[in-house]
Amino acid sequence: MLRAPLPFITALLTAGLLAGCSSTPEDKTAGWSPNRIYSEAKDELSSGAFDKAVPLFEKLEGRAAGTPLAQQAQLDKAYAQYKSGEKAQAIATLDRFMKLHPASPALDYALYLKGLVNFNDNLGLFSWISQQDLSERDQKAAKDSFESFSELATRFPDSRYAKDSRQRMTYIVNSLAQYEVHVARYYYQRGAYVAAIGRAQASLADYQGVPALEEALYILIQSYDALGMTQLRDDARRVMEASYPQGVYATGSVKTKSNPWWKFW
């Protein structure tokens, strides 16, 4: 068997190593100051180049470690991740920030941003518009969002983000209640009356003073009627008429599918 000469093999290995080294991307920030990195990262952020801003903020975290600038880089990185759709990464960055800097003056903003990240996921509450099976929807993101806003409003009642957080909390509660009612309606429309009753009763027990409860009572009435449970049907009807005397279900002016509750125009 012929063997390649040793010098030839060595030359090949050396060439391969050199080729590998030449393919390593050059770090253009190597000679930059932390302030310049921050300025460049903010420019990328402002222009909407979130994918380019994230690695710059990561470099800044290392270069300015232990300084307020590094903390700001973490928050800005989380925002860039959020805007670029990397929601899990944004949450992880914010959790790390809050763990490392529990006394930071920017803690209220971190909580607010975390609430926003999950609040955007909360738009999934309305996926039933596209005929998604409501019984399979996971509302964890909405509940996590509520917890972040609630913690902010409780711990930092005078924060500039507190008012908006409270408004979003109200929206989330209304949305979660509406979700429960839509699941109840889903079951009712498919003839699963016992399941519809269970979800409608759950919404009545878990939420107070939200618009969706009128429909929950209506679904109870219809489901009890379908099962021949006339006493419970009449009891539910009396509660609905007493609670919502001018409501769309009590007066018979129920919205049609062409005019759903979420359409404001």
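This is a predicted model, so every value here is computed, not measured.

Caption draft 1: Quick look at the overall build of the chain. Counting secondary structure elements, the chain contains eleven helices and zero strands. When the elements of the chain are put in sequence order from the N terminus, they spell out α-α-α-α-α-α-α-α-α-α-α. Split into buried and exposed, the 265 residues of the chain put 38% on the buried side. Of all intrachain contacts in the chain linking residues separated by at least 6 positions in sequence, the fraction that spans at least 24 positions is 55%.

Caption draft 2: View of a nonpolar patch on the surface. Taken together, the side chains of V194, L227, M229 and L232 present a nonpolar region at the surface, about 330 Å² in accessible area. On the secondary structure map, M229 appears in the loop between α10 (212-226) and α11 (230-243). Residue class for M229 comes out partly exposed when judged on its relative accessible area of 34%.

Caption draft 3: Inspection of the nonpolar core at higher detail. Formed by 44 residues in total, the largest nonpolar core has its most connected members in L94, M98, F149 and L220. Put simply, the parts of the chain that give this core at least two residues each are α4 (68-83), α5 (87-100), α6 (107-121), α7 (140-155), α8 (162-189), α9 (193-206), α10 and α11. Discounting residues that sit within four places of it in the chain, L94 has contacts with L75, A78, A110, L113 and K114.

Caption draft 4: Spatial organisation of the pattern of salt bridges. Applying the stated criterion across every chain, the model contains 14 salt bridges. Among the ionic pairs, D234 bridges to R233, the shortest N-O distance being 3.0 Å. Taking the shortest distance from any N to any O, the salt bridge between D235 and R238 comes out at 2.4 Å. Of this pair, D235 and R238 both sit in helix α11, three residues apart, roughly one helical turn. The exposure class assigned to D235 is partly exposed, which follows from its relative accessible area of 29%. Judged by its relative accessible area of 47%, R238 falls in the partly exposed class. Ionic contacts of the salt-bridge type, sharing partners, join the residues D225, R233, D234 and R237 into one network.

Caption draft 5: Region of interest: the packing of helix α2 (residues 34-46) against helix α3 (residues 50-63). Between α2 and α3, whose axes approach to 8 Å, the crossing angle comes to 160°. Relative to α3, the element α2 lies roughly antiparallel. As for how α2 packs across α3, the hand of that crossing is left-handed. Residues P34, I37, Y38, E40, A41, K42, E44 and L45 of α2 lie in contact with α3, whose contacting residues are F50, K52, A53, L56, F57, L60 and R63. Classifying every residue of the contact of α2 with α3 gives ten nonpolar, no polar and five charged.

Caption draft 6: Representation of the packing of aromatic side chains. This model, assessed by the stated rule, comprises ten aromatic pairs. A centroid spacing of 4.8 Å and a plane angle of 20° characterise the contact between Y112 and Y161, whose relative ring orientation is stacked. Of this pair, Y112 sits in helix α6 while Y161 is found in the loop between α7 and α8, placing the two residues 49 residues apart along the sequence. The class for Y112 is buried, based on a relative accessible area of 11%. By relative accessible area, which is 16% here, Y161 ends up buried. Centroid distance Y186 to Y187: 5.6 Å. Interplanar angle 65°. Geometry classified as edge-to-face. Judged by its relative accessible area of 17%, Y186 is buried. The exposure class assigned to Y187 is partly exposed, which follows from its relative accessible area of 22%. Above the ring of F119, the side-chain terminus of R168 is found at 4.7 Å from the ring centroid.

The rules behind the values
Residues numbered from 1 in each chain as written. Predicted model: local features only at pLDDT ≥ 70, side-chain atom pairs only at ≥ 80, totals over all residues. Heavy atoms only, no water. Helix = DSSP H or I, 4+ residues; strand = E, 2+ residues; numbered from the N terminus. Buried < 20%, exposed > 50% of the residue type's maximum accessible area, 1.4 Å probe, protein only. Contact = heavy atoms within 4.5 Å. Patch = residues over 30% accessible without salt bridge, like charges linked within 9 Å, V, L, I, M, F, W, Y side chains within 5 Å. Areas by Shrake-Rupley, 256 points an atom, 1.4 Å probe, with all protein chains shown as cover. Salt bridge = Lys/Arg side-chain N within 4 Å of Asp/Glu carboxyl O. Core = buried A, V, L, I, M, F, W, Y, C linked by side-chain atoms within 4.5 Å. Axes fitted to C-alpha atoms, helices over the stretch in contact; angles between N-to-C directions. Parallel < 35°, antiparallel > 145°, perpendicular 65-115°, else oblique. Left-handed = near helix turned anticlockwise from the far one by under 90°. Nonpolar A, V, L, I, M, F, W, Y, C, P; charged D, E, K, R; others polar. Phe/Tyr/Trp six-rings, centres within 6.5 Å; stacked < 30°, edge-to-face > 60°. Lys NZ or Arg CZ within 6 Å of the ring centre and 35° of its normal.

Remember that the coordinates give geometry; whether it matters functionally is a separate question.
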